[in-house]
Amino acid sequence: MLDGIDYSEPRIGVFVCHCGTNIAAVVDVKKVVEEAKKLPGVVHAEDYMYMCSGIGQQLIINAIREKKLNGVVVAACTPSLHYETFARAVESAGLSRQRYKIVSIREYCSWVHFHDRKRATEKAIRIVAAAVAEIRDNKVYEPIRRKVIKKALVIGGGIAGMTAALDLANAGIPVILVEKEPTIGGKMIQLSVTFPTLDCAQCTITPRMAEVGKHPNIKLYTLSEVIDVSGHIGNFHVKIRKKPRMVDPEECRLCGWCANACPVEVINEFTRGLSKRKAIYLPFPQAVPASFVIDEEHCTRCGMCVKVCPVNAINLDEKEEIIEEDVGAIILATGYDLYDGRKLPEYGYGIYKNVIDSLQFEQLIVPSGPTKGRIVRISDGKPAKRVVFIQCAGQRDVNHLPYCSKICCMYVAKEALMFKSKVPDGEAYIFYIDVRTAGKGYEEFYKKVQEIPGVKYIRGRVGKVWEDENGDLIVTGIDTLTGETVKIRADLVVLALGMIPNLDKRLVEKLKISTDEYGFAQEVHPKLKPVETEIGGVYIAGAVQGPKDISESVAQASAAASKALQLLTKDEIEKEPLIAEVDRERCDGCGLCVATCPYSAIKLEDGYARVDEIACEGCGMCVPSCPTGAINLRNMTNKQIHEIIKAVYGVR
Amino acid sequence: MVEESVIDKIIRISGRNPNLCYQCGMCTAVCPMAEFMDVKPHQIVRLVQMGREDVLNIDAVWVCASCMACVDRCPRDVGPGIIFEAIRLVSLRRGIDKLDYKAVEEIEAAPTLALVTASRKYTG
């Protein structure tokens, strides 16, 4: 296909886009074209209203054919939007994409320098000159092919991770599912009912948990964490640390004798501290794998459980394991945590027993929960008749979480409704700033809750919560609609705490992905690439990407699985051949590049550095480390960089 | 030269941006003096947002104890207490004193510190 192009002498075409008026209103595009024509190697230059349109692309294709172009520079918007558009256009005309470059004169010129047309135009001319200088010496390399390992890793066994794992497994892809806790189920299994349909959360999620547990294509590692990731898209090598369960899930019959015998009692994290459990325990009845587990941290190794186990399933000497797996794609679905309520001491969380968080309130509603579904004061177990909900407990606050946590308005409405259905003579007060109900059926649900007698929405804030001598909570606040201060005696105060990402910094480093300012995993593009990360082959799903509800998490999980499938159904993928190359004439085998390479892609062989072309990501870290200038990036050689700098400064 | 408006003056002196206020009411909720105010703290910020020059006539800014709890807890860093301070300054610079020494009973018995701070806050 490339045969028709003669690369001996540079014949470069420059195409300048107006982007409607986005560029042309500030940058003098005609002047850019005029100046481009004077650049060495440029034989053609033109401008057009929308270069990305069908007509615009055809202009480029025609010019390549008619003017025998062997290089193309498009000056338009950012490469993240239209790099591929023009790459495909030049390839359809038989030109290699390695002889094409798109430069942004919109984001870098017109949008930021709108107040200074003359200098914006000058800058655009220099940017174009640099791009011409760069591709003039670009060589055409054969693409590098890599084999794809048809296997996926999903990190996190909540609703998002399980959904992604099942989608992949049902498409025939073997999946490794890694979950930190002793069971899958995530946060959703802790919920009472889900809004806006009031379906039982456990009844919704447990069939899916069972399916994951039994699926022949899913290998489940619980009590496990990913500790190392190396490799690249299509071929990752991961290390997983599996903590000892000390109970054989194959043998355990769930009789519970062990827990009865166990003398150690600790806080139950599943009920968020509202009940106790033993050091050997079943997280909850529907846990998958269906097996007791020993809490390594609190177990005293007394051996009482071993004595009573009728099937000899317990092994206190079990050690942690390091498991290694090779996968082609990774889906990150580690979910969220609640903001730490203790950072809001004015509301008394962690100080007064009757000030609880929203997940604890869910546990009070669940019929199988620590109070068997009775809504009571935590301090004395008396029925709770008056409950105050505080929305935006830290959210939308520059001192805590500046963002909206999205789901709280809805779950508070649901919790108020559930409270009223269990305590018909109860009163629920909901302090809110705004009620945000964007979602199918959500506004209708809110209206339904407002209709319930005894549910009072108060537009305003709570200033302080304290406990009086009777053990009642006193809530003082403001109703901004009447402008009057409010004082409420309450049995329970529920803080609608916001979502924060449950994403370990070490895992972020190992995956080499980036996070936003709040620590949520960063997608590549908010609209067009919502489940992709900057690292090819690594996808994100669920609340680890940002606050979202169950429906959105499930949709995003299926999206991530679909993106992973697009990769995993290929036998091999092509990689741009823009990797590092060693000039053996100059290399003296010092090994500095070997130590610098973040991908372990360089080895010393026969006293010279050698680049593994599959592993090399073309990052260029090795280039400045080389004392003799022997290592260069293809199509970004030191010579080309010098040419670019000269072009930017107009040195000929 | 166009004379600076009262509201611009208040914004300049305070160095705060009242337009960031979303009227949550936190300032009023934490204000120890709110129940003695004719106009509540969040309402004063709203009036400043709307460019109402008659904020100068509001008595509540003189009731404000300058404890700055509202500044500390404001979720948008609007700092109502700082804005009230600016409103008081604009009034004082017009020569309106809010402290009548003759009306203070047993002025000799008052702590010096209280007199100094009251003079600073209530007189121009």
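Residues numbered from 1 in each chain as written. Chains lettered and ligands numbered in written order. Predicted model: local features only at pLDDT ≥ 70, side-chain atom pairs only at ≥ 80, totals over all residues.

**Student:** Whenever I open this one, the domain arrangement of chain A confuses me. Can you help?
**Tutor:** Many analyses report the size of an interface as the accessible area lost when the parts associate. On domain assignment, one finds that chain A holds domain 1 (2-143), domain 2 (152-243 + 321-335 + 504-568), domain 3 (244-318), domain 4 (337-500) and domain 5 (579-633). Relative placement of domain 2 of chain A and domain 5 of chain A: their C-alpha centres are 35 Å apart. (Domains from an automatic or database assignment.)

**Student:** Which parts of the structure should I look at to understand the pairing of strand β22 (residues 427-432) of chain A?
**Tutor:** It is a general feature of regular strands that their side chains alternate between the two faces of the sheet. Residues and elements named next belong to chain A. Taken across its six residues, β22 has five buried, putting it largely inside the fold. Of the strand pairs in this sheet, strand β21 (residues 386-393) and β22 are connected by five bridges, and their pairing is parallel. Residue pairing in the sheet places R386 in a bridge with E427 of β22. In the classification by handedness, the crossover that spans β21, the intervening helix α11 (residues 408-422) and the parallel β22 is right-handed. In the sheet, β22 pairs with strand β23 (residues 455-459) via five bridges, with the strands oriented parallel. Within the sheet, the bridge partner assigned to F431 lies in β23 and is I458. Taken together, β22, helix α12 (residues 442-451) and β23 form a β-α-β motif whose crossover is right-handed. (Buried ≥ 20, exposed ≤ 12 C-beta atoms within 10 Å, placed from the backbone. Helix = DSSP H or I, 4+ residues; strand = E, 2+ residues; numbered from the N terminus. Pairing = 2+ DSSP bridges. Right-handed = clockwise from strand over helix to strand, strands pointing away.)

**Student:** Is there a simple way to think about the interface of chain A and chain B in this case?
**Tutor:** The interface is formed by 14 residues belonging to chain A together with 16 residues belonging to chain B. Of all the elements in the fold, those that place two or more residues in the side of chain A that touches chain B are β24 (462-467) and β25 (473-479) of chain A. Considered class by class, the residues forming the side of chain A that touches chain B number four nonpolar, seven polar and three charged. (Contact = placed C-beta atoms within 7 Å. Nonpolar A, V, L, I, M, F, W, Y, C, P; charged D, E, K, R; others polar.)

**Student:** Would you explain the packing of helix α5 (residues 117-136) of chain A against helix α17 (residues 638-648) of chain A in this entry?
**Tutor:** Packed helices, taken two at a time, are described by the angle their axes make and the gap between the axes. All names here are of chain A. Interhelical geometry of α5 versus α17 gives an angle of 155° and a closest axis separation of 8 Å. The angle between α5 and α17 falls in the class roughly antiparallel. Read as a crossing pair, α5 and α17 show a hand that is right-handed. Residues R126, A129, A130, V132, A133 and E134 of α5 pack against Q640, E643, I644, K646, A647 and V648 of α17. For the contact of α5 with α17, the per-class residue count stands at seven nonpolar, one polar and four charged. (Axes fitted to C-alpha atoms, helices over the stretch in contact; angles between N-to-C directions. Parallel < 35°, antiparallel > 145°, perpendicular 65-115°, else oblique. Left-handed = near helix turned anticlockwise from the far one by under 90°.)

**Student:** Would you take a moment to explain helix α3 (residues 79-92) of chain A for this structure?
**Tutor:** Note on helix geometry: an α-helix contains 3.6 residues per turn, so any two residues three or four positions apart are oriented the same way. All names here are of chain A. Spanning 14 residues, α3 covers 19 Å between terminal C-alpha atoms, matching the ideal 20 Å at 1.5 Å per step. Residues of α3 that are buried: F86, A87, A89 and V90. Angularly, the buried residues of α3 cover 165° about the axis, an arc narrow enough to put them on a single face. α3 presents E84 and R88 as exposed residues on the side facing more than 90 degrees away from its buried surface. Buried residues along α3 sit against α2 (54-66), β3 (71-76) and β4 (100-104). Positive backbone phi, at 90°, marks G94, one or two positions downstream of α3. (Expected span 1.5 Å × (residues − 1). Arc of directions from axis to C-beta.)

**Student:** Hey, could you run me through the sheet that holds strand β29 (residues 538-540) of chain A in this one?
**Tutor:** Strands pair in a sheet through their backbones, by hydrogen bonds, and they do so in one of two ways: parallel or antiparallel. Residues and elements named next belong to chain A. Across the sheet, which stays open at both edges, the five strands sit in the order β10-β7-β6-β18-β29 with parallel pairing between neighbours. Strands at the two margins of the open sheet, each flanked by one partner only, are β10 (218-221) and β29. Going across the sheet, the axis of each strand differs from the next one's by a mean of 20°, ignoring polarity. Both strand β7 (residues 175-178) and β10 contribute to a ladder of four bridges, which runs parallel. If you follow I176 over to β10, its bridge partner there is K219. The sheet strands contacting helix α14 (residues 550-568) are β6 (152-155), β18 (329-332) and β29, and the helix crosses β18 at an angle near 170°.

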